[in-house]
Amino acid sequence: MKKIQDYYFEKAKKEHYPARSVYKLEEAQKKHTLLRRGDGVLDLGACPGSWSMYAAKVVGVEGLIVGVDLHSWEVAAPGKGARIHHLCGDIYAPETVAMLREIRSHYRVVLSDMAPKTTGSKWADQQHSLDLARRALELAADLLEPGGNFYCKVFEGEDFKGFVDQVRGRFAMVKIVKPKSSRSESPEVFVLGMGFKPAMAVLLKVES
Ligand SMILES: C[S@@+](CC[C@H](N)C(=O)[O-])C[C@H]1O[C@@H](n2cnc3c(N)ncnc32)[C@H](O)[C@@H]1O
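Quick look at the structure, then. The structure presented is a predicted model; accordingly, all values stated were derived computationally and were not measured.

## A look at the overall build of the protein chain
Tallying secondary structure elements over the protein chain gives 7 helices and 7 strands in all. Put simply, the protein chain runs from its N terminus to its C terminus through helices and strands in the order α-α-β-α-β-β-α-β-α-β-α-β-β-α. Each principal axis of the C-alpha atoms in the protein chain carries an extent, and together these give about 55 × 40 × 35 Å. Taken across its 208 residues, the protein chain has 50% of its residues classed as buried. A fraction of 62% describes how many contacts in the protein chain between residues 6 or more apart in sequence connect residues 24 or more apart.

Set out below in structure tokens:
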């Protein structure tokens, strides 16, 4: 397993990404094409910036990336890539949401690689991760364009199924993704939702 981790670490270094987590997005992109040219992308938990850099390359100059993190961060936008807005803020704070809206009223894709500071208590870490994932879903429901996509990290554990069911209620297609670049002993998995259904569409379906 260490060999695999070293492989991704070296690959990220060679490809000038600040973190090897980039391959957890790249793998999903290659298989499911969640990002397309011209997309507006919101990247939650963006520091140190690998996902934003990768997404900027995929969506190209016609697209836009808005990344937000508790920590301040900055990465160079790749040549021929989308502009990257670097925001520092807490995704629970109303002023952060106001900033996201000010830049763009709606996004085509919401990504979340947010992770809690681990405490050593498996149960507490899972709950915290689930809280972050629920908040990411709440923001996605508020900020996604109809038909948009959502890709979100969450630690598998108690209540995980309930979270996946919530995602199922809002997206036409949902998949659980465990990328090869994610340590097999890590509880992290990624929930992919494609084809966002805005609240009105969900209501109309229930009533008909
Ligand atoms: C695994 S890192 C993200 C790595 C990033 N995707 C990349 O490829 O470079 C997780 C990030 O989530 C951020 N985070 C955790 N809680 C947050 C919150 N409440 N608001 C904003 N960011 C948060 C952390 O500060 C941390 O930088």
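## Here's the deal with the packing of helix H5 (residues 122-143) against helix H6 (residues 160-170)
Contact geometry for H5 and H6: axes closest at 11 Å, N-to-C directions at 5°. As far as their axial angle goes, H6 and H5 are roughly parallel. Every residue of H6 that contacts H5 at Leu130, Ala133, Arg134, Leu137 and Ala141 is listed here: Phe160, Phe163, Gln166, Val167 and Arg170. Its residues assigned to classes, the contact of H5 with H6 comprises 7 nonpolar, 1 polar and 2 charged.

## A word on the pairing of strand E1 (residues 40-44)
Counted residue by residue, E1 has 5 buried out of 5 residues, so it is predominantly covered. Burial along E1 is two-sided: the residues Gly40, Leu42 and Leu44 and Val41 and Asp43 are all buried. Note that E1 and strand E2 (residues 64-69) share 5 bridges and pair parallel. Each bridged residue has a counterpart across the sheet, and for Gly40 the counterpart in E2 is Leu64.

## Focus: the nonpolar core
In this structure, Leu44, Phe150 and Phe163 are the most contacted members of the largest nonpolar core, which totals 33 residues. Those residues within four positions of Phe150 in sequence are excluded, and the remaining contacts are Val110, Ala133, Ala136, Leu137, Ala140, Leu144, Phe163, Val167, Phe171, Val191, Leu192 and Gly193. Val22, Leu34, Leu35 and Ala46 belong to the second largest nonpolar core, which has 30 residues in total.

## Notes on the side chain of Ser182
Here Ser182 shows up in the loop between strand E6 (171-177) and strand E7 (188-196). Not counting chain neighbours up to four residues away, the residues in contact with Ser182 comprise Lys24 and Glu188.

## Concerning the site of the ligand
Around the ligand sit 20 residues, and of these Ser21, Gly49, Ser50, Asp69 and Asp113 come closest. The separation between an oxygen atom of the ligand and a polar main-chain atom of Pro48 is 3.3 Å. When isolated, the ligand has an accessible area of 610 Å², and the protein chains bury 87% of it. Here the ligand is seated within the largest pocket. Taken together, the residues that form the shell around the ligand break down as 10 nonpolar, 6 polar and 4 charged.

## Description of the sheet that holds E6
Read across the sheet, 7 strands follow the order E3-E2-E1-E4-E5-E7-E6 without closing on themselves; strand pairing throughout is mixed. Of all the strands in the sheet, the pair left with one neighbour each is strand E3 (83-88) and E6. Ignoring which end each strand starts from, the neighbouring axes of this sheet average 15° apart. In this sheet, E7 lies alongside strand E5 (residues 144-155) in antiparallel orientation, the contact comprising 7 bridges. Counterpart to Cys152 in the pairing with E7 is Val191. Packing of H5 onto the sheet brings it into contact with E1, strand E4 (107-112), E5, E6 and E7, and relative to E5 it is tilted by some 175°. Each of E5, E6 and E7 is contacted by H6, which is oriented at about 150° to E6, the strand it contacts most.

## Digging into unusual backbone geometry
Residue Pro48 is bonded to the preceding Cys47 through a cis peptide linkage, with omega at 5°. Along the chain, Pro48 falls in the loop between E1 and helix H3 (50-59). One non-glycine residue, Thr33, lies in the positive phi region at around 45°. Relative to the helices and strands, Thr33 resides in the loop between helix H2 (22-32) and E1. You will see that Asp159, though not glycine, has its phi angle at about 75°, which is positive.

Cut-offs applied
- Residues numbered from 1 in each chain as written.
- Predicted model: local features only at pLDDT ≥ 70, side-chain atom pairs only at ≥ 80, totals over all residues.
- Heavy atoms only, no water.
- Helix = DSSP H or I, 4+ residues; strand = E, 2+ residues; numbered from the N terminus.
- Buried < 20%, exposed > 50% of the residue type's maximum accessible area, 1.4 Å probe, protein only.
- Contact = heavy atoms within 4.5 Å.
- Axes fitted to C-alpha atoms, helices over the stretch in contact; angles between N-to-C directions.
- Parallel < 35°, antiparallel > 145°, perpendicular 65-115°, else oblique.
- Nonpolar A, V, L, I, M, F, W, Y, C, P; charged D, E, K, R; others polar.
- Pairing = 2+ DSSP bridges.
- Core = buried A, V, L, I, M, F, W, Y, C linked by side-chain atoms within 4.5 Å.
- Near = heavy atom within 4 Å.
- Polar contact = N/O pair within 3.5 Å; in protein donor to acceptor, adjacent residues only side chain to side chain.
- Areas by Shrake-Rupley, 256 points an atom, 1.4 Å probe, with all protein chains shown as cover.
- 1 Å grid on protein atoms, 1.4 Å probe; cavity = no way out; pocket = protein on both sides within 12 Å on 5 of 7 lines; lining within 4 Å.
- Sits in = over half its atoms within 2 Å of the grid points.

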